[in-house]
Amino acid sequence: MFYLFKVFRAAPCVSCISWLFTVWSCSAPSVLFVGLVGRQLGFRAGLQVVEAVTCSRWGTRSEEGLILGGDVVIGGLFNLRYSPPALDHEFTQLSYYKACTGLQNLPLQYIHAMMFALEEINHSATLLPGVKLGYHILDSCGLPPWAMQGALSLVGGDSSSCNSTAIPARNGEEIEERRGDQPVPLIIGGDSSVSAQILSKFLGPLSMSYTASCPCLSDRVKFPNFFRTMASDIYQARAVAQLAIRFNWTWIGAVIANNDYGYMAVKVFQEEVEGAGVCLAFVETLQRENIVSDATRAALTIQASTAHVILIFTWYTDVRELFVQLAKINVTDRQFLASEAWSTSSDLLQSLVTSKVATGVLGVAIRSSPIPGFESYLRNLNPSLRPDDEFLREFWEKEFGCSPVVANLSSTQLGANMLLQKNSLPPCSGTESLEGVQNLFTDTSQLRVTYNVYLAAYAAAHALHSLLSCPDIDRPGGSNVSTCSSPKNIKPTELMQHLNKVNFTTPQGELFYFQGADIPAKYDLVNWQKTPAGSLKLVLIGRVDGFDLYLNESAIEWSTGSNQVPVSVCTESCPPGTRMASRKGEPVCCFDCIPCADGEVSNKTGSLQCDRCPSEFWSNEKRTSCILRQLDFLSFNETLGITLTAVAASGATVTTAVFVVFLHYRQTPVVRANNSELSFLLLLSLKLCFLCSLVFIGRPSVWSCRFQQAAFGISFVLCVSCLQVKTIVVLAAFRSARPGAESLIKWFGPGQQRGSVCFFTSVQVIICAIWLSLSPPVPQPDLDIPGLKVTLKCTMDSVVGFSLVLGYIGLLACTSLLLAFLARKLPDNFNEAKLITFSMLIFCAVWVAFVPAYVSSPGKYAVAVEIFAILASSYGLLFCIFAPKCFIILLRPDKNTKKHLMAR
């Protein structure tokens, strides 16, 4: 039966107590013995017993591990065997643990790295002089329960059995316990992050892991007594993200372990690539218990996805099954990014399936460093020289198929050894040696986790050296009393303070120190390359130092089998001249490429937006660069300019011909009856109107801009003034024919007519002079009009001046139209007022239509509209007024008589 505890004081963890029930059992009458670990856990138990008991541990493995005595003993927990034990959970009783089987070669190398480091330290004249380091190494079998059980044994300093005599308490004195072994102040172990968390939370002594990489362990509040020589997984996830960004892989698939290791990697990866245009196409998870079905599902997802780069963060056994499934469906063109958990796996490198599926793997690996003398140390190992090394004996039996004969054994050990040989393997000849053996145990070409174990041993030694030194003895003004600790009484809390301050140079010349629980992150970048034989080999192609990545890209062999970097994008990068437009409901890596609008350019691949060109420039045809806009104007060389020039010249020619006809027939009644002087002046003004239109054609200049508007305004005012005066003269002539109005015609004689024309014209001259002197039109490119060609035109800086010029012309034209309309029915056989009325109607219609057409016409076409209005109104006046007269003069001379003209 179990006796109850009478006193519990300062117990830090109830879970620890429950573990003790699984560790120890005693024969009846018995007691649950907690004194061995009580001092480390921080509590005491007062027990009152009546007789001696004999205790033993439940679930004890057949071996006690490797033990070497010393002044200070360092604990070691390693995952040496891989077959998990069967644990039968019953409510009423606890079953025994069954022993793990299947010795692993690589963890055995880790164990001997720790032993080798401690031997070096013990032989050092400068590090811990006079202090011998021992070790107590146990196999945790990769199971947290076994790791906890082994850790409790180490911190309690117990052996597999204990013969303790409990003395009854007298006068409040506590029971004295006898321990067979010395407790350890520090444990190198916790091969997994889970085990490391358990050990750090439940144990008072320090734990230093060589492979635990969970970022959570960096929390000094939750894990104050934890250290590690393995970098946090945050750094390798960031390194992989930097690789994705560096090689422009924007569409990546991810296969991760269904635990914190995988989810943390994806989280850090996404945080690192945020804003860099990298997206995850999918995230598949692998569960160890359902690995076949999960790997099959992940393989089908990889096959269906357009992502050609796959990030894998999981254990190498999961990756092996994934590669098997990918090989079945013949997916061999993917580029894999490997985490340190499988990037250096020899099982995968030697697999034929892997060589078919995973050529060119680019991975992050635990940094590798040589250990001088370590290979020679391993090659010279022999169980005959190490009779207590059960691990080496088991390895020897597996490697050579014989049982080593060990000398200098006691009679009991010798009998057990002979019985073992008889029942299992034949005795070894003694000539066996590891010199020619090639396996993971003897391979020292790339020491990764092994080097982490080596560093852990040296870190512990330097912390102990600092702790056991006596710096206060020689300090000026200090006492001669030593303040250093004794090797037999090392407190873990004191050792932790010195571990935090560790700063030394390793035998390899590397600076070593802790940053909290961690060391500065250092990784190797490795590449899986094919050998001529078709197998895969591991090639070092770069390194990671903290957040910095150094890579030899030319040394990489990709999954394509060449040096060409594979492409993995959802959408190909938009070429220059286009911009990216995201698709609704899809990741930002999936987009459409939209051509830049006119006047906008993008001169690089993958532009998010197009840039507008400066106003003096325009986009080229491909929208990749801005080019200087070409000046455009209405020239004499183009079709429109030639046409307008021809029409203007024709009008001037016809006007000249009419002038010649009128000059030749100036004495005929038709010419004389219509005020020949004003007719000649009108023909001269019409010719000027035709000719002034030519000033608008050609490259605008400062003087041409001023002259064209002045010529246009003055010519048309002169023309309309002549018509107005002619209309007034017609009205005056007919009014004077009435009784009592004979003197009316005297007021409109030739002098008054010329004076009126000059007056009306001088007003326009004054308007133009003021306008052109204050704010004249200037040649300026019209940059507001889109297009490569920009029109060089005469810009009206003063709209008021131009409006006054046109308004004055319109005022005279409307006045002439009104007067001509009033005189249209005067009783004449040939009434010129009718002709003026029609001509003014055409003139006004043309210029009313001109205004909206001019405003809405772009570029040089606005100039063409103005020229057209000038020519149209000029032709209208010419033909409406002079065509009937020329018809009579040239074709009907019989009507060119005074009698005919005076007839009613």
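Above: the structure in question.
Residues numbered from 1 in each chain as written. Predicted model: local features only at pLDDT ≥ 70, side-chain atom pairs only at ≥ 80, totals over all residues. Heavy atoms only, no water.

Caption draft 1: Main features of the overall build of the protein. Counting its regular elements, the protein contains 25 helices and 30 strands. By residue count, 50% of the 904 residues in the protein fall in the buried class. For the protein, contacts bridging at least 24 residues in sequence account for 70% of all contacts bridging at least 6. (Helix = DSSP H or I, 4+ residues; strand = E, 2+ residues; numbered from the N terminus. Buried < 20%, exposed > 50% of the residue type's maximum accessible area, 1.4 Å probe, protein only. Contact = heavy atoms within 4.5 Å.)

Caption draft 2: The arrangement of unusual backbone geometry in detail. The phi dihedral of Asn-248 falls on the positive side, at around 60°, and the residue is not glycine. Here Asn-248 shows up in the loop between α6 (233-246) and β12 (251-257). The residue Arg-623 is not glycine, and still its phi comes out positive at about 60°. Mapping Arg-623 onto the fold places it in the loop between β26 (617-619) and β27 (626-628).

Caption draft 3: Focus on the packing of helix α19 (residues 676-692) against helix α21 (residues 750-774). Running from N to C, α19 and α21 cross one another at 20°; their axes reach a closest spacing of 10 Å. The pairing of α19 with α21 is recorded here as roughly parallel in orientation. The handedness of the crossing between α19 and α21 is right-handed. Contact residues: Glu-677, Leu-678 and Leu-681 in α19; Pro-750, Gln-753, Arg-754 and Val-757 in α21. Within the contact of α19 with α21, the residues separate by chemical class into four nonpolar, one polar and two charged. (Axes fitted to C-alpha atoms, helices over the stretch in contact; angles between N-to-C directions. Parallel < 35°, antiparallel > 145°, perpendicular 65-115°, else oblique. Left-handed = near helix turned anticlockwise from the far one by under 90°. Nonpolar A, V, L, I, M, F, W, Y, C, P; charged D, E, K, R; others polar.)

Caption draft 4: Examining the environment of Gln-508 more closely. Its place among the elements puts Gln-508 in the loop between β17 (503-505) and β18 (511-513). On the basis of relative accessibility, which here comes to 22%, the residue Gln-508 falls in the partly exposed class. Considering only alpha carbons, one finds Gln-508 and Ile-371, 137 residues apart in sequence, at a separation of 7.3 Å. Apart from the residues lying within four places of it in its own chain, the contact partners of Gln-508 are Ser-369, Pro-370, Ile-371, Pro-372, Tyr-451 and Tyr-454. A distance of 3.3 Å separates the side chain of Gln-508 from the backbone oxygen of Pro-370, its partner in a polar contact. (Polar contact = N/O pair within 3.5 Å; in protein donor to acceptor, adjacent residues only side chain to side chain.)

Caption draft 5: Region of the structure containing the sheet that holds strand β6 (residues 72-78). The strand order across the open sheet formed by six strands is β5-β7-β6-β9-β10-β11, and the pairing between neighbours is mixed. At either margin of the open sheet sits one strand with a lone partner, and together these are β5 (66-68) and β11 (226-228). Adjacent strand axes in the sheet meet at a mean angle of 20° when their direction is disregarded. As paired elements, strand β10 (residues 206-209) and β11 share three bridges and run parallel to each other. Residue pairing for β11: Met-208 is matched across the bridge by Phe-227. Helix α15 (residues 449-468) rests against β6, β7 (133-139), β9 (186-188) and β10 of the sheet, and its axis sits at about 155° to β6. Along the sheet, helix α16 (residues 492-500) makes contact with β9, β10 and β11, crossing β10 at roughly 40°. (Pairing = 2+ DSSP bridges.)

Caption draft 6: Structural view of the state of the cysteines. This model, assessed by the stated rule, comprises eight disulfides. Each sulfur in the disulfide pair Cys-402 and Cys-428 lies 1.9 Å from the other. Sign of the S-S torsion, about 95° for the bond between Cys-402 and Cys-428, identifies this disulfide as right-handed. Placement of the pair is Cys-402 in the loop between α13 (390-400) and α14 (411-423) and Cys-428 in the loop between α14 and α15, with a sequence separation of 26 residues. Cys-428 matches Cys-402 in its accessibility class, with the two residues each being buried. Disulfide partner of Cys-613: Cys-626, at an S-S distance of 1.9 Å. When the S-S torsion is -90°, as for the bridge of Cys-613 with Cys-626, the disulfide is left-handed. In this pair, Cys-613 is assigned in the loop between β25 (611-612) and β26 and Cys-626 in strand β27, connecting sequence segments 13 residues apart. Of all cysteine sulfurs in the structure, the one in Cys-719 sits closest to Cys-689, which takes part in no disulfide; the separation is 5.0 Å. For Cys-689, a relative accessible area of 0% gives the class buried. (Disulfide = S-S within 2.5 Å.)

Caption draft 7: Broad picture of the packing of aromatic side chains. For the structure shown, the criterion picks out 36 aromatic pairs. Ring geometry for Phe-247 against Trp-249: centres 5.1 Å apart, planes inclined by 35°, an arrangement best described as tilted. Across the pair, Trp-249 and Phe-247 agree in class, each one buried. Judged by centre distance (5.6 Å) and plane angle (80°), the ring pair of Phe-716 and Trp-847 falls under edge-to-face. Highlighted residues: Phe-716 in helix α20 (residues 702-736) and Trp-847 in helix α23 (residues 832-856), separated in sequence by 131 residues. Exposure class is identical for Phe-716 and Trp-847. Each is buried. Here Arg-543 stacks its cationic end above the ring of Tyr-550, 4.2 Å away from the centre of that ring. Over the ring of Trp-703 we find Arg-706, and its NZ or CZ is 5.3 Å from the ring centre. (Phe/Tyr/Trp six-rings, centres within 6.5 Å; stacked < 30°, edge-to-face > 60°. Lys NZ or Arg CZ within 6 Å of the ring centre and 35° of its normal.)

Caption draft 8: Representation of helix α3 (residues 105-122). Taking 1.5 Å of rise per residue, 18 residues should cover 26 Å, and α3 covers 26 Å from first to last C-alpha, within 8% of that figure. Along α3, 14 of the 18 residues are buried, which leaves the element largely enclosed by surrounding structure. (Expected span 1.5 Å × (residues − 1).)

Caption draft 9: Broad picture of the pattern of salt bridges. Summed over the entire model, instances satisfying the criterion amount to 25 salt bridges. In this structure, the salt-bridge partner of Arg-583 is Glu-586, at a minimum N-O distance of 3.6 Å. For Glu-586, a relative accessible area of 39% gives the class partly exposed. A salt bridge links Arg-612 to Glu-600; the nearest nitrogen and oxygen atoms lie 3.4 Å apart. Of this pair, Arg-612 sits in strand β25 while Glu-600 is found in strand β24 (residues 600-601), placing the two residues 12 residues apart along the sequence. (Salt bridge = Lys/Arg side-chain N within 4 Å of Asp/Glu carboxyl O.)

Caption draft 10: Representation of a nonpolar patch on the surface within the structure. Residues Phe-659, Val-660 and Leu-663 make up a contiguous nonpolar surface patch of about 240 Å² in total accessible area. A relative accessible area of 39% places Leu-663 in the partly exposed class. (Patch = residues over 30% accessible without salt bridge, like charges linked within 9 Å, V, L, I, M, F, W, Y side chains within 5 Å. Areas by Shrake-Rupley, 256 points an atom, 1.4 Å probe, with all protein chains shown as cover.)

Caption draft 11: Just the pairing of strand β20 (residues 536-545), in detail. Bridge analysis of strand β19 (residues 522-530) against β20 gives nine bridges, and the strand direction is antiparallel. Pairing of Trp-528 across the sheet is with Leu-538, part of β20. Judged from the four bridges that link them, β20 and strand β21 (residues 548-551) form a sheet pairing that is antiparallel. From the neighbouring strand, Asp-545 faces β21, where its bridge partner is Asp-548. The turn joining β20 and β21, which pair antiparallel and follow one another in sequence, is formed by two residues; a positive phi near 65° is taken by Gly-546.

By themselves these figures say nothing about function.
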